[in-house]
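# Report on the structure
Spelled out from the first residue to the last, the chains are:
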Amino acid sequence: MKRKNLALVALLGLAAALSMAAREKEARDEYASRRARLLERVAGPVVLFAYGGQENVFPEATFWQEPNFYYLTGHDEPGAALLLIPQTEAAQTAGLPKEILFLPPRDLQRERWDGPRAGPEEAEARPQTGFEEVKPVSLLRSELERALEVFPRLYTLFPLAKPEYGPEGEASHAGRWLAWLRQATPLADFQDVRGSLGALRQVKSKSEQELLRVAIERSLEAHREAMRALRPGLHEYEIAALMEYSFARAGCERPGYGQIVGSGFNSTVLHYDSNRRQMPAGDVVVIDVGAECNGYSADITRTLPVSGKFTARQKEIYEIVLAAQNAAIAAVKPGMTMGRTGENSLYRIAYDYINTHGKDKQGEPLGKYFIHGLGHHIGLEVHDAGDGSRPLQPGMILTIEPGIYIPEENLGVRLEDIVLVTETGAVLLTASLPRTVEEVERFMAEARAGKK
Ligand code: GLY
Ligand code: MN
Ligand code: MN
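These numbers were taken from a predicted model, which means no experiment stands behind them.

### Structural notes on the overall build of the protein
When helices and strands are tallied, the protein shows 13 helices and 17 strands. Its C-alpha radius of gyration of 25 Å places the protein within 12% of the 22 Å reference for a compact globule of 452 residues. Along the three orthogonal principal directions, the C-alpha set of the protein runs to about 75 × 50 × 40 Å. Considering only intrachain contacts with a sequence separation of at least 6, the fraction spanning at least 24 residues in the protein is 69%. Of the roughly 20300 Å² that the protein leaves accessible, carbon and sulfur atoms contribute 53%. Placing the 53 positive and 61 negative side-chain charges of the protein at their respective mean positions leaves the two points 3 Å apart.

And the structure:
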(Lines give C-alpha, C1' and ligand atoms only; values in the text may rest on other atoms or scores of the structure.)
(Ligands and ions follow the chains in the order given, each with its own letter.)
Protein backbone atom coordinates (compact mmCIF):
# COMPACT_ATOMS: atom_id res chain seq x y z
CA MET A 1 0.00 0.00 0.00
CA LYS A 2 1.23 3.52 -0.70
CA ARG A 3 2.09 5.87 2.16
CA LYS A 4 -0.93 8.06 1.44
CA ASN A 5 -3.28 5.09 1.61
CA LEU A 6 -1.69 3.93 4.82
CA ALA A 7 -2.28 7.33 6.37
CA LEU A 8 -5.88 7.25 5.19
CA VAL A 9 -6.46 3.82 6.67
CA ALA A 10 -4.95 4.99 9.96
CA LEU A 11 -7.22 8.01 9.97
CA LEU A 12 -10.30 5.94 9.20
CA GLY A 13 -9.32 3.58 11.99
CA LEU A 14 -9.00 6.55 14.29
CA ALA A 15 -12.42 7.86 13.33
CA ALA A 16 -13.95 4.44 13.94
CA ALA A 17 -12.21 4.19 17.31
CA LEU A 18 -13.59 7.56 18.30
CA SER A 19 -17.12 6.76 17.21
CA MET A 20 -16.98 3.55 19.25
CA ALA A 21 -16.00 5.27 22.46
CA ALA A 22 -18.74 4.35 24.94
CA ARG A 23 -18.17 7.11 27.42
CA GLU A 24 -18.50 10.80 27.21
CA LYS A 25 -15.04 11.93 28.27
CA GLU A 26 -14.08 14.98 30.22
CA ALA A 27 -11.84 17.66 28.73
CA ARG A 28 -8.22 16.58 28.27
CA ASP A 29 -7.13 19.29 30.72
CA GLU A 30 -9.14 17.61 33.47
CA TYR A 31 -7.10 14.45 33.26
CA ALA A 32 -3.87 16.39 32.86
CA SER A 33 -4.58 18.49 35.96
CA ARG A 34 -5.25 15.34 38.00
CA ARG A 35 -1.89 13.95 36.95
CA ALA A 36 -0.23 17.24 37.92
CA ARG A 37 -1.92 17.20 41.33
CA LEU A 38 -0.93 13.60 41.92
CA LEU A 39 2.69 14.47 41.14
CA GLU A 40 2.57 17.17 43.82
CA ARG A 41 1.84 14.47 46.39
CA VAL A 42 4.67 12.05 45.61
CA ALA A 43 8.46 12.02 45.83
CA GLY A 44 9.18 9.84 42.82
CA PRO A 45 7.74 8.47 39.60
CA VAL A 46 4.27 6.91 39.54
CA VAL A 47 3.50 3.89 37.39
CA LEU A 48 -0.01 2.54 36.82
CA PHE A 49 -1.42 -0.20 34.65
CA ALA A 50 -4.64 -0.39 32.69
CA TYR A 51 -6.67 -3.54 32.92
CA GLY A 52 -5.72 -6.11 30.33
CA GLY A 53 -9.23 -7.35 29.63
CA GLN A 54 -8.75 -10.71 31.36
CA GLU A 55 -10.05 -9.36 34.69
CA ASN A 56 -13.60 -9.91 33.47
CA VAL A 57 -15.24 -13.02 34.83
CA PHE A 58 -16.44 -14.32 31.49
CA PRO A 59 -14.34 -14.22 28.33
CA GLU A 60 -16.38 -11.98 26.09
CA ALA A 61 -17.43 -9.51 28.80
CA THR A 62 -17.37 -5.83 27.92
CA PHE A 63 -14.00 -4.30 28.75
CA TRP A 64 -13.98 -1.97 31.73
CA GLN A 65 -11.05 0.22 32.67
CA GLU A 66 -9.25 0.21 36.01
CA PRO A 67 -10.80 3.27 37.69
CA ASN A 68 -7.58 4.94 38.89
CA PHE A 69 -6.08 4.57 35.44
CA TYR A 70 -9.21 6.02 33.88
CA TYR A 71 -9.29 8.87 36.39
CA LEU A 72 -5.80 9.96 35.33
CA THR A 73 -6.00 9.30 31.60
CA GLY A 74 -9.56 9.07 30.29
CA HIS A 75 -8.19 6.11 28.32
CA ASP A 76 -10.52 3.14 28.25
CA GLU A 77 -8.74 0.49 26.23
CA PRO A 78 -6.87 -2.53 27.60
CA GLY A 79 -3.17 -3.15 28.05
CA ALA A 80 -1.89 0.40 28.59
CA ALA A 81 0.45 1.79 31.25
CA LEU A 82 1.16 5.24 32.60
CA LEU A 83 4.42 6.71 33.90
CA LEU A 84 4.46 10.10 35.63
CA ILE A 85 7.76 11.67 36.65
CA PRO A 86 8.16 14.67 38.97
CA GLN A 87 10.11 17.37 37.18
CA THR A 88 12.84 17.89 39.77
CA GLU A 89 16.11 19.48 38.73
CA ALA A 90 17.78 16.08 38.58
CA ALA A 91 14.95 14.72 36.43
CA GLN A 92 15.23 17.63 34.05
CA THR A 93 19.01 17.32 33.86
CA ALA A 94 18.58 13.65 32.97
CA GLY A 95 16.03 14.62 30.33
CA LEU A 96 13.22 12.57 31.88
CA PRO A 97 9.80 13.33 30.44
CA LYS A 98 6.92 14.48 32.66
CA GLU A 99 4.61 11.72 31.52
CA ILE A 100 4.37 8.83 29.09
CA LEU A 101 1.30 6.88 28.06
CA PHE A 102 2.34 3.39 26.96
CA LEU A 103 0.05 1.60 24.52
CA PRO A 104 0.14 -1.98 23.26
CA PRO A 105 0.89 -2.52 19.58
CA ARG A 106 -2.10 -2.75 17.32
CA ASP A 107 -3.27 -6.24 16.42
CA LEU A 108 -5.22 -5.97 13.19
CA GLN A 109 -6.53 -9.54 13.42
CA ARG A 110 -7.82 -8.92 16.93
CA GLU A 111 -9.37 -5.65 15.80
CA ARG A 112 -11.64 -7.63 13.47
CA TRP A 113 -13.19 -8.96 16.69
CA ASP A 114 -12.91 -6.03 19.08
CA GLY A 115 -12.84 -3.02 16.78
CA PRO A 116 -10.10 -0.47 16.15
CA ARG A 117 -7.77 0.45 18.99
CA ALA A 118 -5.39 3.28 19.63
CA GLY A 119 -1.80 2.27 18.96
CA PRO A 120 1.50 3.91 19.86
CA GLU A 121 2.32 4.28 16.17
CA GLU A 122 -0.66 6.61 15.75
CA ALA A 123 0.60 8.88 18.50
CA GLU A 124 0.85 11.96 16.29
CA ALA A 125 -2.56 11.22 14.85
CA ARG A 126 -4.01 11.02 18.36
CA PRO A 127 -3.34 14.35 20.06
CA GLN A 128 -6.63 13.75 21.82
CA THR A 129 -4.91 11.46 24.31
CA GLY A 130 -3.58 14.69 25.81
CA PHE A 131 -0.20 13.09 26.45
CA GLU A 132 3.08 14.67 25.52
CA GLU A 133 4.58 11.26 24.88
CA VAL A 134 2.94 8.05 23.72
CA LYS A 135 5.22 5.00 23.39
CA PRO A 136 4.91 1.26 22.82
CA VAL A 137 4.37 -0.65 26.02
CA SER A 138 7.48 -2.72 25.21
CA LEU A 139 9.54 0.34 26.22
CA LEU A 140 8.03 0.61 29.71
CA ARG A 141 10.79 -1.33 31.42
CA SER A 142 13.64 0.71 29.95
CA GLU A 143 11.85 3.98 30.71
CA LEU A 144 11.34 2.82 34.31
CA GLU A 145 15.00 1.93 34.61
CA ARG A 146 15.95 5.37 33.27
CA ALA A 147 13.70 7.08 35.83
CA LEU A 148 15.07 4.94 38.65
CA GLU A 149 18.61 6.10 37.91
CA VAL A 150 17.41 9.45 39.26
CA PHE A 151 14.78 8.48 41.84
CA PRO A 152 15.11 5.74 44.48
CA ARG A 153 11.34 5.54 45.04
CA LEU A 154 8.67 4.21 42.74
CA TYR A 155 4.97 4.73 43.44
CA THR A 156 2.32 2.30 42.27
CA LEU A 157 -0.95 0.80 43.48
CA PHE A 158 -0.48 -1.82 46.18
CA PRO A 159 -3.14 -4.55 46.13
CA LEU A 160 -6.07 -4.64 48.50
CA ALA A 161 -6.35 -7.83 50.51
CA LYS A 162 -9.51 -9.67 49.47
CA PRO A 163 -10.41 -13.31 50.02
CA GLU A 164 -10.79 -13.93 46.29
CA TYR A 165 -7.32 -12.46 45.56
CA GLY A 166 -5.40 -14.13 48.39
CA PRO A 167 -4.39 -12.76 51.80
CA GLU A 168 -2.15 -10.06 50.26
CA GLY A 169 -4.32 -9.46 47.21
CA GLU A 170 -1.55 -11.03 45.16
CA ALA A 171 -3.85 -12.46 42.46
CA SER A 172 -5.50 -9.09 41.78
CA HIS A 173 -4.56 -6.70 38.98
CA ALA A 174 -2.49 -4.53 41.34
CA GLY A 175 -0.94 -7.59 42.98
CA ARG A 176 0.24 -9.08 39.70
CA TRP A 177 1.73 -5.80 38.50
CA LEU A 178 3.48 -5.13 41.79
CA ALA A 179 5.07 -8.58 41.51
CA TRP A 180 6.17 -7.75 37.96
CA LEU A 181 7.67 -4.43 39.10
CA ARG A 182 9.54 -6.05 41.98
CA GLN A 183 11.13 -8.42 39.53
CA ALA A 184 11.72 -5.83 36.74
CA THR A 185 13.16 -3.12 38.99
CA PRO A 186 14.27 -4.97 42.15
CA LEU A 187 16.23 -2.08 43.65
CA ALA A 188 13.37 0.39 43.76
CA ASP A 189 11.88 1.47 47.07
CA PHE A 190 8.20 0.73 46.40
CA GLN A 191 5.55 3.06 47.80
CA ASP A 192 1.76 2.76 47.68
CA VAL A 193 0.04 5.56 45.76
CA ARG A 194 -3.49 4.38 46.60
CA GLY A 195 -3.97 6.81 49.50
CA SER A 196 -2.94 9.85 47.43
CA LEU A 197 -5.15 8.82 44.54
CA GLY A 198 -8.09 8.15 46.85
CA ALA A 199 -7.71 11.55 48.48
CA LEU A 200 -7.81 13.24 45.06
CA ARG A 201 -10.74 11.16 43.83
CA GLN A 202 -12.86 12.00 46.88
CA VAL A 203 -13.13 15.69 45.96
CA LYS A 204 -15.04 15.94 42.71
CA SER A 205 -14.18 18.57 40.10
CA LYS A 206 -16.99 20.54 38.50
CA SER A 207 -17.00 18.29 35.46
CA GLU A 208 -17.13 15.16 37.60
CA GLN A 209 -20.01 16.70 39.53
CA GLU A 210 -21.79 17.19 36.21
CA LEU A 211 -21.21 13.57 35.21
CA LEU A 212 -22.51 12.37 38.56
CA ARG A 213 -25.57 14.58 38.19
CA VAL A 214 -26.31 12.88 34.86
CA ALA A 215 -26.06 9.42 36.46
CA ILE A 216 -28.23 10.60 39.35
CA GLU A 217 -30.93 12.19 37.15
CA ARG A 218 -31.22 9.06 35.01
CA SER A 219 -31.37 6.87 38.12
CA LEU A 220 -34.08 9.09 39.61
CA GLU A 221 -36.16 8.67 36.46
CA ALA A 222 -35.70 4.88 36.73
CA HIS A 223 -36.99 5.06 40.32
CA ARG A 224 -40.02 7.06 39.14
CA GLU A 225 -40.64 4.33 36.55
CA ALA A 226 -40.58 1.76 39.37
CA MET A 227 -43.05 3.81 41.42
CA ARG A 228 -45.36 4.09 38.42
CA ALA A 229 -45.25 0.38 37.65
CA LEU A 230 -45.24 -1.29 41.06
CA ARG A 231 -48.28 -3.57 41.57
CA PRO A 232 -49.02 -6.68 43.65
CA GLY A 233 -48.23 -9.77 41.56
CA LEU A 234 -45.21 -8.33 39.79
CA HIS A 235 -41.87 -10.10 40.26
CA GLU A 236 -38.91 -8.27 41.74
CA TYR A 237 -36.99 -8.87 38.49
CA GLU A 238 -39.66 -7.08 36.49
CA ILE A 239 -38.98 -3.90 38.45
CA ALA A 240 -35.20 -4.38 38.07
CA ALA A 241 -35.60 -4.90 34.30
CA LEU A 242 -37.84 -1.88 33.90
CA MET A 243 -35.37 0.32 35.73
CA GLU A 244 -32.41 -0.93 33.71
CA TYR A 245 -34.34 -0.28 30.51
CA SER A 246 -35.11 3.23 31.72
CA PHE A 247 -31.51 4.30 32.23
CA ALA A 248 -30.01 2.19 29.44
CA ARG A 249 -32.30 3.81 26.91
CA ALA A 250 -31.13 7.18 28.25
CA GLY A 251 -27.57 6.18 27.32
CA CYS A 252 -26.14 4.78 30.56
CA GLU A 253 -23.77 1.83 30.18
CA ARG A 254 -24.84 -0.52 32.95
CA PRO A 255 -26.14 -0.72 36.52
CA GLY A 256 -23.59 0.73 38.94
CA TYR A 257 -23.90 -2.44 41.07
CA GLY A 258 -26.06 -5.54 41.34
CA GLN A 259 -29.63 -4.26 41.40
CA ILE A 260 -31.41 -4.91 44.68
CA VAL A 261 -35.19 -5.30 44.55
CA GLY A 262 -36.12 -7.06 47.78
CA SER A 263 -39.68 -7.50 49.04
CA GLY A 264 -40.98 -8.99 52.29
CA PHE A 265 -38.19 -10.87 54.09
CA ASN A 266 -35.83 -9.97 51.23
CA SER A 267 -36.15 -6.32 52.24
CA THR A 268 -34.08 -7.21 55.31
CA VAL A 269 -31.20 -8.80 53.34
CA LEU A 270 -28.73 -6.01 52.61
CA HIS A 271 -27.28 -7.18 49.32
CA TYR A 272 -30.17 -9.36 48.11
CA ASP A 273 -29.90 -9.20 44.33
CA SER A 274 -31.40 -12.40 42.95
CA ASN A 275 -34.72 -10.52 42.61
CA ARG A 276 -36.80 -13.68 42.03
CA ARG A 277 -39.84 -13.21 44.24
CA GLN A 278 -43.38 -12.38 43.25
CA MET A 279 -44.52 -9.43 45.36
CA PRO A 280 -47.79 -9.60 47.30
CA ALA A 281 -49.82 -6.64 48.52
CA GLY A 282 -48.95 -5.83 52.12
CA ASP A 283 -45.16 -6.11 51.73
CA VAL A 284 -42.67 -3.33 51.35
CA VAL A 285 -39.99 -3.57 48.66
CA VAL A 286 -36.51 -2.08 49.04
CA ILE A 287 -35.35 -0.85 45.65
CA ASP A 288 -31.63 -0.05 45.63
CA VAL A 289 -30.76 0.71 42.03
CA GLY A 290 -28.38 3.20 40.43
CA ALA A 291 -27.07 3.68 36.91
CA GLU A 292 -23.48 3.93 35.76
CA CYS A 293 -23.26 6.60 33.07
CA ASN A 294 -19.97 7.71 31.49
CA GLY A 295 -18.19 5.66 34.12
CA TYR A 296 -19.81 7.39 37.12
CA SER A 297 -22.30 5.58 39.38
CA ALA A 298 -25.33 6.78 41.26
CA ASP A 299 -26.61 4.81 44.27
CA ILE A 300 -30.21 5.43 45.32
CA THR A 301 -32.69 3.49 47.46
CA ARG A 302 -36.38 3.85 48.03
CA THR A 303 -38.63 1.58 50.08
CA LEU A 304 -42.12 1.33 48.60
CA PRO A 305 -45.39 -0.30 49.68
CA VAL A 306 -46.28 -2.93 47.05
CA SER A 307 -49.99 -2.13 47.49
CA GLY A 308 -49.45 1.63 47.21
CA LYS A 309 -50.17 2.22 50.92
CA PHE A 310 -47.93 1.51 53.91
CA THR A 311 -49.39 -0.34 56.91
CA ALA A 312 -49.27 1.50 60.26
CA ARG A 313 -46.18 -0.45 61.38
CA GLN A 314 -44.39 0.03 58.05
CA LYS A 315 -45.14 3.76 58.23
CA GLU A 316 -43.81 3.94 61.79
CA ILE A 317 -40.49 2.29 60.90
CA TYR A 318 -40.24 4.25 57.63
CA GLU A 319 -40.65 7.56 59.41
CA ILE A 320 -37.96 6.71 61.95
CA VAL A 321 -35.52 5.97 59.11
CA LEU A 322 -36.57 9.14 57.31
CA ALA A 323 -36.14 11.33 60.39
CA ALA A 324 -32.74 9.78 61.10
CA GLN A 325 -31.73 10.44 57.51
CA ASN A 326 -33.01 14.02 57.65
CA ALA A 327 -31.08 14.65 60.88
CA ALA A 328 -27.87 13.36 59.29
CA ILE A 329 -28.39 15.31 56.05
CA ALA A 330 -29.08 18.51 58.00
CA ALA A 331 -25.77 18.07 59.82
CA VAL A 332 -23.65 17.51 56.69
CA LYS A 333 -21.00 20.20 56.32
CA PRO A 334 -17.23 20.41 56.01
CA GLY A 335 -15.50 18.85 59.00
CA MET A 336 -18.19 16.27 59.77
CA THR A 337 -17.30 12.61 59.20
CA MET A 338 -18.97 9.38 58.05
CA GLY A 339 -17.08 7.43 60.74
CA ARG A 340 -18.98 5.63 63.50
CA THR A 341 -17.35 7.45 66.38
CA GLY A 342 -16.15 10.90 67.32
CA GLU A 343 -18.03 14.08 68.04
CA ASN A 344 -18.37 14.96 64.33
CA SER A 345 -19.84 11.60 63.38
CA LEU A 346 -22.90 11.77 61.13
CA TYR A 347 -23.44 8.05 61.67
CA ARG A 348 -23.86 8.73 65.37
CA ILE A 349 -26.61 11.28 64.69
CA ALA A 350 -28.59 8.77 62.61
CA TYR A 351 -27.91 5.87 64.98
CA ASP A 352 -28.92 7.85 68.07
CA TYR A 353 -32.19 8.87 66.44
CA ILE A 354 -33.00 5.29 65.47
CA ASN A 355 -32.03 3.93 68.86
CA THR A 356 -34.25 6.37 70.74
CA HIS A 357 -37.39 6.07 68.61
CA GLY A 358 -39.68 3.05 68.28
CA LYS A 359 -39.28 -0.48 69.62
CA ASP A 360 -39.15 -4.02 68.27
CA LYS A 361 -41.71 -6.70 69.19
CA GLN A 362 -39.75 -7.44 72.39
CA GLY A 363 -39.86 -3.79 73.43
CA GLU A 364 -36.15 -3.33 72.62
CA PRO A 365 -34.64 -0.21 70.98
CA LEU A 366 -34.10 -0.33 67.23
CA GLY A 367 -30.40 0.63 67.03
CA LYS A 368 -29.37 -3.01 66.70
CA TYR A 369 -31.35 -3.24 63.43
CA PHE A 370 -29.24 -0.50 61.75
CA ILE A 371 -26.52 -2.93 60.73
CA HIS A 372 -24.36 -1.02 58.23
CA GLY A 373 -22.52 2.27 57.86
CA LEU A 374 -24.28 5.55 57.15
CA GLY A 375 -23.01 5.96 53.60
CA HIS A 376 -20.03 6.31 51.30
CA HIS A 377 -18.47 8.37 48.54
CA ILE A 378 -19.64 7.68 45.00
CA GLY A 379 -17.76 8.32 41.74
CA LEU A 380 -16.02 6.06 39.24
CA GLU A 381 -16.82 3.27 41.70
CA VAL A 382 -20.09 3.00 43.56
CA HIS A 383 -18.16 2.58 46.81
CA ASP A 384 -15.59 5.09 45.74
CA ALA A 385 -11.90 5.20 46.58
CA GLY A 386 -10.35 6.87 49.58
CA ASP A 387 -10.60 7.00 53.35
CA GLY A 388 -14.33 6.84 54.08
CA SER A 389 -14.01 8.43 57.50
CA ARG A 390 -11.99 11.46 56.40
CA PRO A 391 -13.53 14.81 57.42
CA LEU A 392 -15.89 16.09 54.74
CA GLN A 393 -14.82 18.81 52.31
CA PRO A 394 -16.69 20.86 49.70
CA GLY A 395 -16.95 18.92 46.43
CA MET A 396 -17.37 15.52 48.01
CA ILE A 397 -20.43 13.52 46.90
CA LEU A 398 -21.79 10.90 49.27
CA THR A 399 -24.75 8.69 49.99
CA ILE A 400 -26.64 9.06 53.26
CA GLU A 401 -28.44 5.74 53.74
CA PRO A 402 -29.71 4.71 57.15
CA GLY A 403 -31.88 1.61 57.41
CA ILE A 404 -33.75 -0.58 59.87
CA TYR A 405 -33.99 -4.29 59.06
CA ILE A 406 -36.21 -6.49 61.25
CA PRO A 407 -36.18 -10.03 59.80
CA GLU A 408 -38.75 -11.37 62.28
CA GLU A 409 -41.25 -8.81 60.94
CA ASN A 410 -40.22 -9.30 57.26
CA LEU A 411 -39.68 -5.56 57.33
CA GLY A 412 -36.66 -3.71 56.03
CA VAL A 413 -36.58 0.01 55.27
CA ARG A 414 -33.64 1.82 53.72
CA LEU A 415 -33.60 5.32 52.30
CA GLU A 416 -30.53 6.26 50.31
CA ASP A 417 -30.03 9.77 49.00
CA ILE A 418 -27.03 11.61 47.60
CA VAL A 419 -25.54 14.86 48.89
CA LEU A 420 -22.95 17.25 47.50
CA VAL A 421 -20.94 18.83 50.32
CA THR A 422 -20.72 22.63 49.96
CA GLU A 423 -18.81 25.34 51.87
CA THR A 424 -21.64 25.65 54.38
CA GLY A 425 -23.69 22.44 54.24
CA ALA A 426 -25.02 20.15 51.57
CA VAL A 427 -27.17 20.04 48.46
CA LEU A 428 -29.51 17.06 48.23
CA LEU A 429 -28.99 15.87 44.65
CA THR A 430 -31.86 13.38 44.84
CA ALA A 431 -34.43 15.85 46.16
CA SER A 432 -36.81 15.47 43.23
CA LEU A 433 -37.72 11.86 44.07
CA PRO A 434 -40.65 11.32 46.48
CA ARG A 435 -39.23 10.56 49.92
CA THR A 436 -41.84 11.05 52.65
CA VAL A 437 -44.66 8.53 53.24
CA GLU A 438 -47.17 11.04 51.88
CA GLU A 439 -45.11 11.87 48.79
CA VAL A 440 -44.58 8.19 47.96
CA GLU A 441 -48.23 7.22 48.46
CA ARG A 442 -49.47 10.26 46.51
CA PHE A 443 -47.10 9.59 43.61
CA MET A 444 -48.14 5.92 43.43
CA ALA A 445 -51.85 6.79 43.66
CA GLU A 446 -51.55 9.40 40.93
CA ALA A 447 -49.60 6.99 38.74
CA ARG A 448 -52.32 4.40 39.15
CA ALA A 449 -54.91 7.01 38.22
CA GLY A 450 -52.92 7.68 35.06
CA LYS A 451 -51.72 11.11 36.20
CA LYS A 452 -47.95 10.46 36.45
N1 GLY B 1 -26.03 -0.38 46.70
C2 GLY B 1 -25.01 -0.66 47.64
C3 GLY B 1 -24.98 0.37 48.67
O4 GLY B 1 -25.96 1.00 48.92
O5 GLY B 1 -23.97 0.68 49.23
MN1 MN C 1 -24.85 2.94 48.99
MN1 MN D 1 -27.39 1.48 47.46
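### Some details on the site of ligand 1
Within the structure, ligand 1 sits among Y257, H271, D288, D299, H376, H383, E401 and E416. In the environment of ligand 1, an oxygen atom lies 3.1 Å from a nitrogen or oxygen atom belonging to the side chain of D299. For ligand 1, the protein covers 91% of the area, taking 200 Å² as the surface of the free molecule. Here the shell around ligand 1 is composed, by residue class, of one nonpolar, three polar and four charged.

### Things to note about helix α6 (residues 140–148)
Among the residues of α6, L140, E143, L144 and A147 are the ones counted as buried. Down the axis of α6, the buried set is contained in an arc of 100°. They therefore lie on one face.

### Examining the nonpolar core
One broad rule of soluble globular proteins: the nonpolar side chains tend to lie buried together. L48, V193, I239, I287, L374, L392 and I404 are the most contacted members of the largest nonpolar core, which totals 97 residues. Residues contacting L48, with those up to four places away along its chain left out, are N68, F69, L72, A81, L82, L157, V193 and L197. With 18 residues, the next largest nonpolar core counts V47, I100, L178 and A188 among its residues.

### Considerations on the coordination of the manganese ion (ligand 2)
Distances from the manganese ion (ligand 2) to its protein donors, D299 (OD), H376 (NE2), E401 (OE) and E416 (OE), fall at 2.0 to 2.1 Å. With six donor atoms in place around the manganese ion (ligand 2) and angles of 52 to 159° between them, the coordination shape is irregular. We note that the donor set of the manganese ion (ligand 2) lies within a single chain, spaced as D-x76-H-x24-E-x14-E.

### Regarding the coordination of the manganese ion (ligand 3)
Within the protein, D288 (OD), D288 (OD), D299 (OD) and E416 (OE) serve as the donor atoms for the manganese ion (ligand 3), at 2.0 to 2.4 Å. Angles of 57 to 172° at the metal separate the six donor atoms of the manganese ion (ligand 3), which places the site in the irregular class. Accessibility expressed as a relative area gives 5% for D288, which makes it buried.

### A closer look at the sheet that holds strand β7 (residues 254–255)
Taken in spatial order, the three strands of this open sheet run β7-β10-β11, and their pairing is antiparallel. With one partner strand each, in any of the chains shown, β7 and β11 (296–297) form the two edges of the open sheet. Both β7 and strand β10 (residues 291–293) contribute to a ladder of two bridges, which runs antiparallel. Across the sheet, R254 pairs through a bridge with E292, a residue of β10.

### So, the pairing of strand β8 (residues 260–263)
Burial of the side chains of β8 extends over both faces: I260 and G262 are buried on one face and V261 and S263 on the other. Pairing of β8 with strand β9 (residues 284–288), which is carried by four bridges, proceeds in the antiparallel orientation. When the bridges of β9 are listed, S263 appears paired with V285.

### Remarks on the packing of aromatic side chains
Scanning the model with the defined rule gives seven aromatic pairs in all. With centroids separated by 5.4 Å and ring planes inclined at 75°, the aromatic side chains of W177 and W180 adopt a geometry described as edge-to-face. Within this pair, W177 and its partner W180 are both found in helix α7 (residues 173–184), separated by three residues, close to a single helical turn. A residue is classified by how much of its surface remains accessible, and W177, at 27% relative accessible area, is partly exposed. Aromatic pair Y347 and Y351: ring centres 6.0 Å apart, planes at 20°, arrangement stacked. Here Y347 and its partner Y351 are both found in helix α12 (residues 346–355), four residues apart, which amounts to about one turn of the helix. Each member of the pair Y347 and Y351 is classed as buried.

### With respect to the sheet that holds strand β16 (residues 417–421)
Strands sit in the order β13-β16-β17 across an open sheet of three strands; the sheet is antiparallel. This sheet does not close on itself; its edge strands, each paired only once, are β13 (397–400) and β17 (426–428). Between one strand and the next, the sheet's axes are offset by a mean angle of 35°, whatever the strand orientation. The pairing of β16 with β17 spans three bridges and is classified as antiparallel. Residue pairing for β17: L420 is matched across the bridge by V427. Where helix α11 (residues 312–331) meets the sheet, it contacts β13, β16 and β17, and its direction lies at approximately 155° from that of β13.

### Topic: unusual backbone geometry
A positive phi angle, close to 55°, is found at N294, a residue other than glycine. On the secondary structure map, N294 appears in the loop between β10 and β11. A relative accessible area of 10% places N294 in the buried class. For N410, which is not glycine, the phi torsion reads 50° and is therefore positive. Assignment of secondary structure puts N410 in the loop between β14 (403–406) and β15 (411–414).

### Some points on the pattern of salt bridges
Under the definition given, this model contains 34 salt bridges. Linking E143 and R146 is a salt bridge whose minimum nitrogen-to-oxygen distance equals 3.3 Å. Of this pair, E143 and R146 both sit in helix α6, three residues apart, roughly one helical turn. Beyond isolated ion pairs, a larger network of salt bridges with shared partners links E221, R224, E225, R228 and R249.

Cut-offs used in this document
Residues numbered from 1 in each chain as written. Chains lettered and ligands numbered in written order. Predicted model: local features only at pLDDT ≥ 70, side-chain atom pairs only at ≥ 80, totals over all residues. Heavy atoms only, no water. Helix = DSSP H or I, 4+ residues; strand = E, 2+ residues; numbered from the N terminus. Rg over C-alpha atoms; globule rule 2.2 N^0.38 Å. Contact = heavy atoms within 4.5 Å. Areas by Shrake-Rupley, 256 points an atom, 1.4 Å probe, with all protein chains shown as cover. Lys, Arg positive; Asp, Glu negative; His and termini not counted. Charge placed at Lys NZ, Arg CZ, Asp CG, Glu CD. Near = heavy atom within 4 Å. Polar contact = N/O pair within 3.5 Å; in protein donor to acceptor, adjacent residues only side chain to side chain. Nonpolar A, V, L, I, M, F, W, Y, C, P; charged D, E, K, R; others polar. Buried < 20%, exposed > 50% of the residue type's maximum accessible area, 1.4 Å probe, protein only. Arc of directions from axis to C-beta. Core = buried A, V, L, I, M, F, W, Y, C linked by side-chain atoms within 4.5 Å. Donors = N, O, S within 2.8 Å, 3.2 Å for Na, K, Ca; no water. Tetrahedral: all angles 85-135°; square planar, octahedral: opposite > 155°, others 65-115°. Pairing = 2+ DSSP bridges. Phe/Tyr/Trp six-rings, centres within 6.5 Å; stacked < 30°, edge-to-face > 60°. Axes fitted to C-alpha atoms, helices over the stretch in contact; angles between N-to-C directions. Salt bridge = Lys/Arg side-chain N within 4 Å of Asp/Glu carboxyl O.

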